Every structure is written in structure tokens, then in C-alpha cells.
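# Chain and residue survey
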Amino acid sequence: MTENSENQQNNAENIEKDSQDTENNIKASEENVKEVNEIDEIGILNKKIADLELVISEQNNKILRSLADVENLRKRSQQEVEKASKFAISKFASELVMVVENFYLAIDNMPKDELDKSNNLKNFATGVNMTKNELVKILENNGIKRINPEGEKFDHNYHEAIAQAQGDESNSGNVKKVVQAGYSFHERLIRPALVEVFK
């Protein structure tokens, strides 16, 4: 073989080798591009996952807050219903205490000397007293209490001073006399006790 044909053959082999190398490089580049694309897709998917997890977390927090709000509203409503039912009869109670006070007045104003003389009057007084006691018991069972603070310290939350009397230091600020008893309904004042207070 001649040198020229050897060179041509070498050149052809080199071209074929270069062509093969180029093809291998292209394949490697395509694989690298594919890998880079896959890595990019994984990164994009990871970001989407993170975004979705954030949205889920925010939605869970909203749901929990909404559930707490609903529970608080339910409790508040239940308390308001209980309070309304508890104090719904306060107007009725304030009118009924006048009846009780009339029983107290009737008993206090019965002529004591006449009671001993007449069995009928004595029986009548006993019946009035029993009726008063039964009514007071029913009221107390339903949270209505009589306020009769004679001798106690004056309390502006439950007493109303309508007069003052001279007294010494030991009883200053105490209730001397109850003019009209007061009433409370479950610690809520229906009517203050009208009292005379020592100065």
C-alpha cells in the first residue's frame, strides 16, 4: 500500500473514530440533559409538594380555629340560655316577694293578747304562719332569699339606707332597724332592704 492510501485509510479511521466519539458525546450530553431535566423536574415537584404541604397546614389551622370558634359559641350560647332561664322568672319573683312580705306584716300585726283569748284567732294565726313558712321555703328552694340584715354591717350592694340613728363607735355602720326586707334571686338583687343605719 502506498503511503497516500495509508494516510487516507488512517484519516478515514480517524474520521470514523471522531464521528463515533462525537456520537458518544452527543449521547452522553443527551443523557446529561435528561438527568438535568429529571433533576429540575424533581426540584419543581419538591417545591410543589412543599407548597401543597404549606396550604394543607394553613387549611388545618383554619379548620382548628373554626372548630374552636364553634365550640366557644356553643358554650356561650348554652350559658346565655341557662342564664335566661335562670332569671326569666325574676319579674314574677319580685312580685311574689310582696305577697311574702304581706304574710310577715300580718303575723307581726296580729294582736298577741287576743290570740291567747280566742282559739279561732290562734288557729288562724297558725295557718297564716304555716302558709308564710311554706312559701318562704319554696322561694328559698328556687334561689330567692330574704335579706333581713338587722344588726349586721351595712352593705350598699344589698341595703338601702333611708334613715340614720345616733350610735356609739361599736355599732357605727351597722343596721339598726329593717324597715322593709330585701330579696335576692341567685345572688342577684331583686329588691334592696330598706334600713336605718347607726352613724
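Provided above is the structure to which this section pertains.
A short tour of the structure in this document, coming up. (Residues numbered from 1 in each chain as written. Predicted model: local features only at pLDDT ≥ 70, side-chain atom pairs only at ≥ 80, totals over all residues. Heavy atoms only, no water.)

### Here's the deal with unusual backbone geometry
One non-glycine residue, H186, adopts positive backbone phi at about 50 degrees. Along the chain, H186 turns up in the loop between β4 (182-185) and β5 (188-191). For E187, which is not a glycine, the phi torsion comes out positive at approximately 70 degrees. As for its placement among the helices and strands, E187 is situated in the loop between β4 and β5. (Helix = DSSP H or I, 4+ residues; strand = E, 2+ residues; numbered from the N terminus.)

### Some remarks on helix α4 (residues 119-141)
Spanning 23 residues, α4 covers 33 Å between terminal C-alpha atoms, matching the ideal 33 Å at 1.5 Å per step. Among the residues of α4, those classed as buried are A125, V128, K132, L135, V136 and L139. Residues of α4 that are buried in the fold lie against α2 (90-108), α3 (112-117) and β1 (144-147). The distance from a side-chain oxygen at the start of α4 to the backbone nitrogen of N120 is 3.5 Å, and the residue carrying that oxygen is S118. Looking one or two places after α4, you find G143, whose phi comes out positive at around 90 degrees. (Expected span 1.5 Å × (residues − 1). Buried < 20%, exposed > 50% of the residue type's maximum accessible area, 1.4 Å probe, protein only. Contact = heavy atoms within 4.5 Å. Polar contact = N/O pair within 3.5 Å; in protein donor to acceptor, adjacent residues only side chain to side chain.)

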